[in-house]
Amino acid sequence: MKKNFTSLAFILIAFLACLFSNAGNPVNFSWTKPKITPGKLEAMGSPSSTANGNWTTGGTWSPSGQPGSGDNITVNTNVTVNTDITISNGTLTVNSGKTLTDASGGTKWNLSVQNASTINIYGNTTFEGLLSLENTSVLHVYGCATLTVGSMDVKNNTTLIVDACATIIVNNGNFNLENSNESSVNGSISVTNGNITANNSATVTGTGYVQASGSITSNNTSTFFGNSGTDCTNTT
């Protein structure tokens, strides 16, 4: 304790000596308060596409460089998917009249949406692989946009919204909903080569419809437009 007191006393004496040695030339101390916007946390970055090109090409984006998973990403051009994409604690917006496209016939790329992320689809979007929406994330297909995926999983307290003129097409697998997610379908969900299954309190509401080439099944208090059952084949 004595050692600490001695150190503090020495620092105080040194400070006072410095202060009085500048007599006639006062020492100004200033502190700039950091600017904080109430209720807003800035994302890691906000890249926007400014040229047609591949997702992984730095020149497709401004600022230059491939977007990160936690960014607020905006597609303002026609962007080609050439890698698996993960959105985690971020956003992805595809603007009207623009496209985000995984070309058919090649590698089936996946989109993973995690951890309270938001996906806004205003322009036509294609992923030939799996679209996985989970962990309180939101996917909204607006206007008359079409989202085409190979297969789709919606789970863990997520929200899916399909506007009246909008469409989700699942063309190479199943569409699965589970674990207390909420889907508002005022447009359509069409599974052209597979089944639709809802488990564990998943609900589909709205004025639209779902259809599948295979079966449509709800289990464990799940419902489609207020109906439940073990086999609702080709519900419309």
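Reading guide: rules and limits
Residues numbered from 1 in each chain as written. Predicted model: local features only at pLDDT ≥ 70, side-chain atom pairs only at ≥ 80, totals over all residues. Heavy atoms only, no water. Helix = DSSP H or I, 4+ residues; strand = E, 2+ residues; numbered from the N terminus. Buried < 20%, exposed > 50% of the residue type's maximum accessible area, 1.4 Å probe, protein only. Contact = heavy atoms within 4.5 Å. Areas by Shrake-Rupley, 256 points an atom, 1.4 Å probe, with all protein chains shown as cover. Disulfide = S-S within 2.5 Å. Phe/Tyr/Trp six-rings, centres within 6.5 Å; stacked < 30°, edge-to-face > 60°. Core = buried A, V, L, I, M, F, W, Y, C linked by side-chain atoms within 4.5 Å. Pairing = 2+ DSSP bridges.

Peer 1: Tell me about the overall build of the chain, residues and numbers included.
Peer 2: The number of helices and strands found in the chain is 1 helix and 23 strands. Split into buried and exposed, the 236 residues of the chain put 38% on the buried side. Considering only contacts within the chain whose residues lie at least 6 apart along the sequence, 28% involve residues at least 24 apart. Per element, the accessible surface of the chain, about 12400 Å² overall, is 52% carbon and sulfur.

Peer 1: I'd like a rundown of the state of the cysteines, residues and numbers included.
Peer 2: Evaluated as defined, the whole model comprises 1 disulfide. Between the sulfur atoms of cysteine 144 and its disulfide partner cysteine 165 the distance amounts to 1.9 Å. Every disulfide takes its handedness from the sign of the S-S torsion; for cysteine 144 and cysteine 165 that torsion is 105 degrees, giving right-handed. Placement of cysteine 144 in the loop between β12 (138-141) and β13 (146-155) and of cysteine 165 in the loop between β14 (159-162) and β15 (167-170) is noted, with a sequence separation of 21 residues between them. Relative accessible area serves as the criterion here: at 53%, cysteine 144 is assigned to the exposed category.

Peer 1: Account for the packing of aromatic side chains, with residues named and values stated.
Peer 2: For any pair of aromatic rings, the description rests on two quantities: the centre-to-centre distance and the angle between the ring planes. Per the counting criterion, the structure on display carries 2 aromatic pairs. With a centroid separation of 5.0 Å and an interplanar angle of 75 degrees, the aromatic rings of tryptophan 55 and tryptophan 61 are classed as edge-to-face. Neither tryptophan 55 nor tryptophan 61 differs from the other in exposure class; each is buried. Plain terms: the ring middles of tyrosine 122 and tyrosine 142 are 4.2 Å apart, the flat faces sit at 15 degrees to each other, and that makes the pair stacked. One end of the pair, tyrosine 122, is in the loop between β10 (118-121) and β11 (125-134); the other, tyrosine 142, is in the loop between β12 and β13, with 20 residues separating them in the sequence. With relative accessibility at 35%, the residue tyrosine 122 sits in the partly exposed group.

Peer 1: So what's going on with the nonpolar core? Which residues, and what values?
Peer 2: Counting 43 residues, the largest nonpolar core has Leu139, Met152, Ile168, Phe175 and Ile196 as the members making the most contacts within it. If one sorts the elements of this core by residue count, β13 sits on top with 4 residues. Excluding residues that lie within four positions of it along the chain, isoleucine 196 makes contacts with Phe175, Leu177, Val191, Val210, Gln211, Ala212, Ser215, Ile216, Thr217 and Phe224.

Peer 1: Account for the pairing of strand β19 (residues 196-199), naming residues and giving values.
Peer 2: In this structure, strand β16 (residues 175-178) lies alongside β19, joined through 4 bridges in parallel fashion. For glutamate 178, the partnering residue across the bridge sits in β19 and is asparagine 199. Where β19 and strand β22 (residues 216-218) come together, 3 bridges link them in parallel fashion. Across the sheet, residue alanine 198 finds its bridge partner in β22, namely serine 218.

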